[in-house]
Structure formats: C-alpha cells, structure tokens
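A structural walkthrough
One letter stands for each residue in the lines below.
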There are 2 protein chains.
Amino acid sequence: MNYFSSDFKLGILGGGQLGKMLLTETRKFDIQTYVLDPSDEAPCKIGSNKFFKGSLMDFDTVYNFGKQVDVLTFEIELVNVEALEKLEAEGVKVYPSPKTLKQIQNKGTQKDFYSANNIPTADYKRFESLTDLKAAVENNEISMPFVWKSTEGGYDGNGVKVIRSMESFEGLANVQCIAETMIPFKNELAVIVTRTPSGQIKTYPVVEMEFHPEANQVEYVICPARIDDAVAEKARAIALKVSEAFNHVGLLAVEMFQTEDDQILVNEVAPRPHNSGHYSIEASYTSQFEQHLRAILDLPLGNTDSKVAGIMVNLVGAEGYTGNVVYQNIETILDKDGVTPHIYGKKETRPFRKMGHVTIVNEDITVARKIAEEVKNTIKVISQQG
Amino acid sequence: MNYFSSDFKLGILGGGQLGKMLLTETRKFDIQTYVLDPSDEAPCKIGSNKFFKGSLMDFDTVYNFGKQVDVLTFEIELVNVEALEKLEAEGVKVYPSPKTLKQIQNKGTQKDFYSANNIPTADYKRFESLTDLKAAVENNEISMPFVWKSTEGGYDGNGVKVIRSMESFEGLANVQCIAETMIPFKNELAVIVTRTPSGQIKTYPVVEMEFHPEANQVEYVICPARIDDAVAEKARAIALKVSEAFNHVGLLAVEMFQTEDDQILVNEVAPRPHNSGHYSIEASYTSQFEQHLRAILDLPLGNTDSKVAGIMVNLVGAEGYTGNVVYQNIETILDKDGVTPHIYGKKETRPFRKMGHVTIVNEDITVARKIAEEVKNTIKVISQQG
C-alpha cells in the first residue's frame, strides 16, 4: 500500500487535541486525512485535508464519513460503534477495531475482561443503577469507602467518585455503575503499548503520574518513572499481557496502580494516544502519535526509547476565568531550558478545561523536575480582561 | 503581544517545504498564519489558516498580502523586496528585514559585504555580464580554473559552475556574475545563527556536509561535524561575526569552507530555515523552525544543543522518473533505528527535485552514519508505473 503523497485516505473520528497532534505526523508523511468532529472550531479543522462537521454518535454521519476513507481511526472513545461495525463488515479497515472499543467503552465490561484474562485489577461489583448500588450498601453487601464509577460516558475524571457515606451519592446519575475497592497506592503508573495488524508489539517506558500532595490531581507525568527496575519491568510485562489479551491495533495506554506492597493493578485502558504519552513528542525517538500512525498503517514500529528524560505538565483553565484565552507568562517559561508549550487551539478557556500542555526535557530528570515545577508555578491560563 | 490562540497573524511568503515545516511549529503554538505561494499545490496549502495563490515577485500581490498580517517572513529569498520595503515603512514588521534581504539576494553585494566587514571569504571579482567576464579571461586578468556564480536567481546549485576552459562558458546566461578563486577545502561546514529584534543571539553546533567521493554532491549533513573542537569554535565565532554584521532578525544559515590549512572562509548565507538545519527537528532541543518562529516574534530563543547526534539525507527524485511519486522501500527504512522520513508533499517527482529528507538520530554518531548510508542505499524516489 502506498500511503505517502498518494490517494490513500485516513479517516479520524474526533478533531480535538489528540487528533491535532496526530495530524502533525500525517503532514510529516504527507498522508491524506479526513476528520469528523461536531465542532466548527475543532483544533483539527486546520491541518486535515478535509474537515467534516457532524456528530460522532450519529450512525449515518459516522457511516457516511467512514465510507470515504481507506483506514478509519478515532481519537475519542465516544463514537457510534454500530457504524464502525458496519464499516468494518464492508471492508473499511477500522483500527482499533469496534470489538476492542466495545470491550473498553463500558467500564464494567472492561473489568470483566480483566477478570476473565487473569489480569490483576482492583476488586469490583457491577450494578445496573445507582438505586441498586445504594440498596447493596444499605444491605451491607459492600462497605464504604469505595470508588463509584459510571460504566459509560465518563471522561477526564468525570464519572468517578469516592463514596465515604450515603451523602456522597448526592448528585450522581442513576446509571449503570461499578463499585470498586479503594486501593492504597504508592504510585499511579502508565505504559503505552502499540500493536500492528501484523502483530508487531512495542512498549514505551513506564511513566509516573505525580499527584499534588493535597489536591489529589495529577500535576506531572514523568518519564522514566522514578521506581525500582523490578517494578518497572513488572508494569511493562502486565501492560504487554493486557495488550495481548485485547489483541488490539494501534496504541493502548494502560493505567496502573503500584500498591503499597508493590503489586501492579490495572486501573483502566485507553485505545488511543494518551495524555500520559505526550512527553514522547520531545523525549522519545518515536512520538506516540507517529507510533499510532505506523501501527494502524501496518508500518514497522519505531524505537520507543527516550533520548532524554521528559516531564509533562497539563495546561488547564484557571478557576474564575471564562472567555478568550490568554496564556499568562508563556514568554517566561519559553526562556527556560528544554521547555515546549503545546497550545491546542481552543479559543475559549473555562475552569479546568484542557487547553494545552508543556513538555520539559533534560538529560537529568531531577533538573527537568525542578524546571517543571517552575513552569507549573509560572504559566497561568486566564481570559482577556473584558 | 499575545500570539497564542489570538487574532495575531503571521504572514509567510512562499509555501514550499520550509514553510510547511514552519507551519508545524505555528500549529503547535496555535499561531495564525497566512501563506502566499504561486502554486495551487504548495505544501503549505494544508496547515496554514489561510492560503493565497499569487506571485511572490509581483509588487501588488506581495504588498496586498502583507497588509493583512502583523509580522511578515519568507521561506525563499526570491520575493519582491520593494513591496517589503513599503510594508516595513507602513509599520508591518518584516523579518528578516528587506535591508538584510537586499544585502544577501545579490551574491556580488553579499561578497562586498564580507569584504567591508573583514569576514574571511574567497577572493572574487564582479562582472556586469558574462561578456565582460570572458573579456577579462581573454585579457588574462583572471586565470582558470575559477568558480563562476550568477549574482541573482541561483538556487540549489543552479547558477554556479567551475570554469576550466573557454568551453565551460557554454550555456551560461549573459548576466551579472562573479568569478571566485577556487578553494581546495577539507570540509564544507555550516552554522545556523538566530537573532531576535531585542538582540538575543544563539548559534547551533557546526554541521558538516559530507560529499559523495565522485559525484561532488552533498550526501549527508552531519551534526556535530567530525572536526577538531578548535576548528568548530572558530567556525561558530565567524558565523556569529557574520550574524552581528548583518544585524538580521530570524535564522541565518552561514555556509563555510574549512581549507586544507584549517582556515574558515564564508561561502554564502541564507536568511531563513536551511537544509543544513533539518536534522534539528529530531536531534536538537529546539528545531530551527521553532527557533525562527521564536526569533521573529521576539520570544526567548530555545536551547540549540543536541539531544543526540543527527544526520540528514535529502530525498531527491531519481534520474529517469517523472510523474506521480512513489517512495520505494520507505517501509524498509522505517524499520531502522531512529529513522524519520519527511515527505514534503509534492505529488510529482522529477529528476533531482527535492521531494523530502530523512533524519537519522542516534546517541552514537558512527552508528547514525552507518544507518544513514543504509537509508541512502535503500529508499528511492521514483514514479508510478504508467
């Protein structure tokens, strides 16, 4: 297959920042792209060969879009799977496959999959509704505290809540959910695995999510994780096992907990480029976005080693600011060694909206960590004065 | 000035591969771009916010284009300078300035500039026409062999010829030209210097152009150059001196000869991203394209050090092939360690047309050099079978 400067067309469902960073790679290789997104102001509107506005959840929209391309991928899981199934049945290559997506889209199904495949994960119970879960708590079938997760539709921390008392249920939707045992963990880790249709598999190094000591919010993604080699090896091996079980094509980001006693438990996976892999653009021999592209086109996978240590800081909208975005003090961080801001191109900021990220690279991870903290304390995503 | 996700507009004259690689950086920072190029199929048609088709040499076209932007730059020197001068006079920031461009556009003026500024360069004489030059040769005012260079319009080795006898003149245009002393040199080197309007200056490491032993054609651009530290330091110092003399804004690529006795002579300069800096995308902390953008926007310059050694191989159309391009064996080179092809996006190949380049990075420069040779011997730019 001739992908380069040819009539070949890659379709991408979703036109957000992940799609945008993927387009950097399709442009580098001059591979034609069609992108579908519901927003007229999607970051992928520029950089794609053809942009289509439409719903990712509408069967006809996704189907008609998919019929125009040779290979179809997605940058967000919330897409119409039935349309993907019909497209696949009609010969369009859909990577990751609708089968993989279905195994992952519903968190209950995903957990069942881990159980069935002997993949270590926190204990859980499934419930058809919040009402059923409440009844189980009242009947002492499960005990608090535990972690509530809605099985569908959750995104970026939405749809997850720690339940410490009956009051914690307030405001939660009455939807299908799981109750998961709370795991006291030392570290939250992630490993990205990539697999091609031909079966070539490569794993990236283990990254570590460093949390704010009080806010319980990821502050830094650090590569390599500052953990023992033995733990890192175990995490990579488990991620590989997860990848082999799913038999997916493309990237699979495997999020894991390192427990107090150094067990590795799989938390959840995402079958696409992932926040935990953004560091790879500057730090790795092959960025996760190039790797995803290589995978879904069945090209040889690239080297996943790092050239240097990398740390990623998310740029989210500051509280109290809504409106046209201003990246306050961005000039100051650009003056620091090895600092690269990525601005996703959303005109309007809102509290906690993901607006961009900053990568800090250095040969010395402790220097990178120090600069990352300076970056975090310097740049602020605010809005223009009215 | 707020450049990021704002109404600020950067204009780029020329929509070729250099512009395209610059657009990767403007997209990363979400900076709006307008691009002007005569071709409807320019690589920059995708990735710019607005693309204009028109002549870069036409006063009105360039002027009207420039009036719509806040900062104007170019990726090719063959643009209408008078329009740039008028735009600058009317308050548009033009970087590099039309003054710099005029000093460089004409190779005779450029050589005079080196003489006036005590910058070491090969001896030369200027002639108003080929007729005048021939007369000088016939009158023994200059002796063969020497290097003929047309002062204007030369590009990529066009407009340069070694004159060994009167027959060598055949086919040369009767235009303004210079005759330059032939320099027996050990190495051809280059250093990229960047300067901001505020006067911050940074130099990249010295790169080496390795020539094919017979074909007298650059085969590899290698960073760092495999030369003595003392020579490298001298080359960087001279490049800095050239930069300071021009007082330019943006990138300045300074091409130099290392003579048999380790003198450094300036050959010529280009006030823009340059083929000799392509390695920086994968190998440097800051790519030359990001650096040019930082410079013309008066942002702090990035670290010019390399993370790893880098080697660049040009992808030019193979002889005997014209038509829709095919990158033969590109899958094979993608399987090699640290190999990144850049496909410029020109649909049609022609013999010697620059269609892309490949970067090879590795911690060990000798390993990179070995892989670069494999790449060079493997990939071939041909056309589809009819």
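Here, the structure is the one placed above.
My aim in this report is to walk through the structure given alongside it, one point at a time. (Residues numbered from 1 in each chain as written. Chains lettered and ligands numbered in written order. Predicted model: local features only at pLDDT ≥ 70, side-chain atom pairs only at ≥ 80, totals over all residues. Heavy atoms only, no water.)

1. Description of the packing of helix 2 (residues 59-66) of chain B against helix 3 (residues 81-89) of chain B
All names here are of chain B. Rules: For helices, the fitted line uses only the C-alpha atoms of the stretch in contact; every axis is such a line through C-alpha atoms, and the angle between N-to-C directions lies from 0 to 180 degrees. Here a strand is any run of E in DSSP of at least two residues, a helix any run of H or I of at least four, and the numbering for each starts at the N terminus. What makes a crossing left-handed is the near helix being turned counterclockwise from the far one by less than a right angle; a clockwise turn instead makes it right-handed. We call two residues contacting when some pair of their heavy atoms lies within 4.5 Å. Classification convention: Asp, Glu, Lys, Arg as charged; Ala, Val, Leu, Ile, Met, Phe, Trp, Tyr, Cys, Pro as nonpolar; all other residues, Gly among them, as polar.
For the pair helix 2 and helix 3, the least separation of the axes is 8 Å and the interaxial angle reads 30 degrees. The handedness of the crossing between helix 2 and helix 3 comes out as right-handed. Across the interface between the two elements, Phe59, Val62, Tyr63 and Gly66 of helix 2 pack against Glu82, Ala83, Leu84, Lys86 and Leu87 of helix 3. In the contact of helix 2 with helix 3, the residues fall into six nonpolar, one polar and two charged.

2. Let's talk about the relation of the copies chain A and chain B
Heads up, the rule is: What sets the superposition is a least-squares fit of C-alpha atoms, and only residues with pLDDT of at least 70 in both copies go into it.
With an RMSD of 0.0 Å, chain A superimposes on chain B once it is rotated by 180 degrees and translated 0.0 Å along the axis. In symmetry terms, the pair is related by a two-fold rotation axis. Ranked by how close their C-alpha atoms come to the rotation axis, the residues of chain A are headed by A:Gly47, at 2.1 Å.

3. Brief notes about the pairing of strand 20 (residues 354-362) of chain A
Residues and elements named next belong to chain A. The condition is simple: The buried label applies to any residue whose accessible area, calculated with a 1.4 Å probe on protein chains only, is under 20% of its type's maximum; exposed applies above 50%, and partly exposed to all values in between. Paired strands are those between which DSSP finds at least two bridges.
Across the nine residues of strand 20, eight count as buried, placing the element largely inside the fold. Relative to strand 20, strand 16 (residues 309-316) is paired through eight bridges, and the arrangement is antiparallel. Along strand 20, the bridge assignment pairs Gly310 with Val361. As judged from the five bridges shared by strand 18 (residues 339-343) and strand 20, these two strands associate in the antiparallel manner. Note that in strand 20 the partner of His342 across the bridge is His357.

4. Examining the nonpolar core
When a protein is soluble and globular, its nonpolar side chains tend to lie buried together. Condition: By nonpolar core we mean a set of buried residues, namely Ala, Val, Leu, Ile, Met, Phe, Trp, Tyr and Cys, connected to one another through side-chain atoms within 4.5 Å.
One finds A:Phe4, A:Ile31, A:Leu297, B:Tyr327 and B:Ile360 to be the most contacted residues of the largest nonpolar core, which totals 47 residues. For this core, the element with the highest residue contribution is helix 11 (residues 365-378) of chain B, accounting for five residues. Leaving out residues up to four positions away in the same chain, B:Tyr327 has contacts with A:Phe4, A:Ser5, B:Leu315, B:Ile343, B:Lys346, B:Met355, B:Ile379, B:Lys380 and B:Val381. In terms of nonpolar packing, the next biggest core, distinct from the first, is built from 45 residues, A:Tyr220, A:Leu334, B:Leu18 and B:Phe29 among them.

5. Side note on the sheet that holds strand 7 (residues 146-150) of chain B
Residue and element names in this part refer to chain B. Here four strands make up an open sheet; going across it, the order is 6-9-7-8 and the pairing antiparallel. In the strand order of this sheet, the two ends are held by strand 6 (124-127) and strand 8 (160-163), each with one partner. Neighbouring strand axes in the sheet, compared pairwise and without regard to direction, differ in orientation by 25 degrees on average. Direction of pairing for strand 7 relative to strand 8: antiparallel, over a ladder of four bridges. By the bridge assignment, Phe146 is partnered in strand 8 with Ile163. Docked against the sheet, helix 5 (residues 107-116) engages strand 6, strand 7, strand 8 and strand 9 (177-181), running at close to 140 degrees with respect to strand 6. Each of strand 6, strand 7 and strand 9 is contacted by helix 6 (residues 130-138), which is oriented at about 165 degrees to strand 7, the strand it contacts most.

6. Quick look at the packing of aromatic side chains
Residues and elements named next belong to chain A. For the record, the criterion: Each Phe, Tyr or Trp ring, with Trp reduced to its six-membered ring, pairs with another whose centre is within 6.5 Å; inter-plane angles below 30 degrees give stacked pairs, above 60 give edge-to-face pairs, and intermediate values give tilted ones. To sit over a ring, a charge needs its Lys NZ or Arg CZ within 6 Å of the ring centre and within 35 degrees of the ring normal.
The tally for this structure, following the rule as stated, stands at 22 aromatic pairs over all chains. With a centroid separation of 6.3 Å and an interplanar angle of 85 degrees, the aromatic rings of Tyr114 and Phe246 are classed as edge-to-face. Of this pair, Tyr114 sits in helix 5 (residues 107-116) while Phe246 sits in helix 7 (residues 229-246); the two residues are 132 residues apart in sequence, bridging distant segments of the chain. With respect to burial, Tyr114 and Phe246 carry one shared label: buried. An aromatic cluster is built from Tyr3, Phe4, Phe8 and Phe29, whose rings are joined through pairwise contacts. Over the ring of Tyr285 we find Lys307; its NZ or CZ atom is 6.0 Å from the centre of that ring.

7. Description of the interface of chain A and chain B
Let me state the cut-off plainly: Values labelled buried area give the accessible surface lost by two parts on being combined, using a 1.4 Å probe and summing over both. For the purposes of these results, a polar contact is taken to be a pair of N or O atoms within 3.5 Å, where, inside protein, one atom must be able to donate a hydrogen and its partner to accept one; residues adjacent in sequence count only when each atom of the pair is a side-chain atom.
On the side of chain B, 47 residues touch chain A, which itself brings 47 residues to the contact. Surface buried jointly by chain A and chain B totals about 3800 Å² across both partners, of which 54% is contributed by carbon and sulfur atoms. At the junction of chain A with chain B, the criterion picks out 14 residue pairs in polar contact (both at pLDDT 80 or more). Secondary structure elements with two or more residues in the side of chain A that touches chain B: helix 1 (17-28), helix 9 (288-296), strand 17 (323-328), helix 10 (330-334), strand 18 and strand 20 of chain A.

8. With respect to empty space enclosed by the protein
Selection rule: Site definitions follow a grid-based scheme: protein atoms alone, a 1 Å grid, a 1.4 Å probe that fits but cannot get out for cavities, and for pockets an open set with protein on both sides within 12 Å along at least five of seven lines, plus lining residues having an atom within 4 Å of a point. Grid points are joined across faces, edges and corners, and a volume is the space filled by probe spheres set on the points.
Scanning the model with the defined rule gives seven cavities of 30 Å³ or more in all. Along its surface, the largest cavity is lined by 40 residues, and A:Thr24, A:Glu25, A:Ile281, B:Thr24 and B:Ile281 are the ones closest to its centre. Counting only elements with at least two residues in the lining of the largest cavity, the list comes to helix 1, helix 8 (280-283), helix 9 and strand 18 of chain A together with helix 1 (17-28), helix 8 (280-283) and strand 18 (339-343) of chain B. Ranked by the residues each element gives to the lining of the largest cavity, the list is headed by helix 1 of chain A, at seven residues.

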